[in-house]
Every structure is written in structure tokens, then in C-alpha cells.
Amino acid sequence: QDMLDIEVKPSPSRPHWYERHVQPCMAELLGSALFIFIGCLSVLEDSGGTGRLQPALAHGLALAVTVAVLGDI
């Protein structure tokens, strides 16, 4: 085996300060705001027959959308 066949991998560069600090904070703020906003709206128009199901489904949907949209951050 040749010793020249060894590949040298460059060390990964550190992410920019914006990606390390600002993006996660903005994602947390946006996700929490969406989660709380959707949850509060789900109990405003309570039709009486849904009981606890409507707020539970609304929170689950809000959480699923938040994870799908902001999951990469």
C-alpha cells in the first residue's frame, strides 16, 4: 500500500456567531409564540362539544408545524 493514498480531511469550520446564537433564539421565540398563539385561539371559540380535544389537537398541530418549519435550526 502506498502511503500517499491517505486523504487529509480539512477540519470543519466553526459556524458564524449568528448561526450559533441568534438563529436558535429566534427559532425559540417564533416557535413559542406560535405555540401559545394557536393554543389560546383554540379555546376562544369553544363550541362546547369538543371538550379537551380541540385544544389538544391545536397544540399538537402547532407543535408539528413548528418542528417541521424550524427543525433544521
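Anything mentioned here points back to the structure above.
One structure accompanies this document, and this report is about it.

Conventions we followed
Residues numbered from 1 in each chain as written. Predicted model: local features only at pLDDT ≥ 70, side-chain atom pairs only at ≥ 80, totals over all residues. Heavy atoms only, no water. Axes fitted to C-alpha atoms, helices over the stretch in contact; angles between N-to-C directions. Helix = DSSP H or I, 4+ residues; strand = E, 2+ residues; numbered from the N terminus. Parallel < 35°, antiparallel > 145°, perpendicular 65-115°, else oblique. Left-handed = near helix turned anticlockwise from the far one by under 90°. Contact = heavy atoms within 4.5 Å. Nonpolar A, V, L, I, M, F, W, Y, C, P; charged D, E, K, R; others polar. Patch = residues over 30% accessible without salt bridge, like charges linked within 9 Å, V, L, I, M, F, W, Y side chains within 5 Å. Areas by Shrake-Rupley, 256 points an atom, 1.4 Å probe, with all protein chains shown as cover. Salt bridge = Lys/Arg side-chain N within 4 Å of Asp/Glu carboxyl O. Expected span 1.5 Å × (residues − 1). Bend = angle between axes of the 7 residues up to and from the residue. Buried < 20%, exposed > 50% of the residue type's maximum accessible area, 1.4 Å probe, protein only.

## A look at the packing of helix H1 (residues 17-44) against helix H2 (residues 53-70)
Phase 1: With their axes 9 Å apart at the nearest point, H1 and H2 run at an angle of 160° to one another. It follows that H1 is roughly antiparallel to H2 by the angle criterion. In the crossing of H1 with H2, the sense of the turn from one axis to the other is right-handed. Contact residues: H1 offers Ala 27, Leu 30, Gly 31, Leu 34, Phe 35, Ile 38, Gly 39, Ser 42 and Val 43, while H2 offers Gln 54, Pro 55, Ala 58, His 59, Ala 62, Leu 63, Val 65, Thr 66 and Leu 70.
Phase 2: Here the contact of H1 with H2 is built from residues that sort into twelve nonpolar, six polar and no charged.

## Considering a nonpolar patch on the surface
Phase 1: A cluster of nonpolar side chains, Leu 34, Leu 61, Val 65 and Val 69, forms an exposed patch at the surface whose accessible area comes to about 340 Å².
Phase 2: The biggest single contributor to the nonpolar patch is H2, with three residues.
Phase 3: Checked against the element boundaries, Leu 61 lands in helix H2.

## Re H1
Helical periodicity: at 3.6 residues per turn, an α-helix aligns residues three or four positions apart in one direction.
Phase 1: Between its first and last C-alpha atoms H1 spans 40 Å; for 28 residues at 1.5 Å apiece the expected length is 40 Å, and the two agree.
Phase 2: At Gln 23, H1 shows its strongest bend, of approximately 30°, with the proline Pro 24 following within four residues.
Phase 3: Residues of H1 that are buried: Ala 27, Gly 31, Gly 39 and Ser 42.
Phase 4: Along its buried surface, H1 packs onto H2.

So yeah, pure geometry; function would need other evidence.
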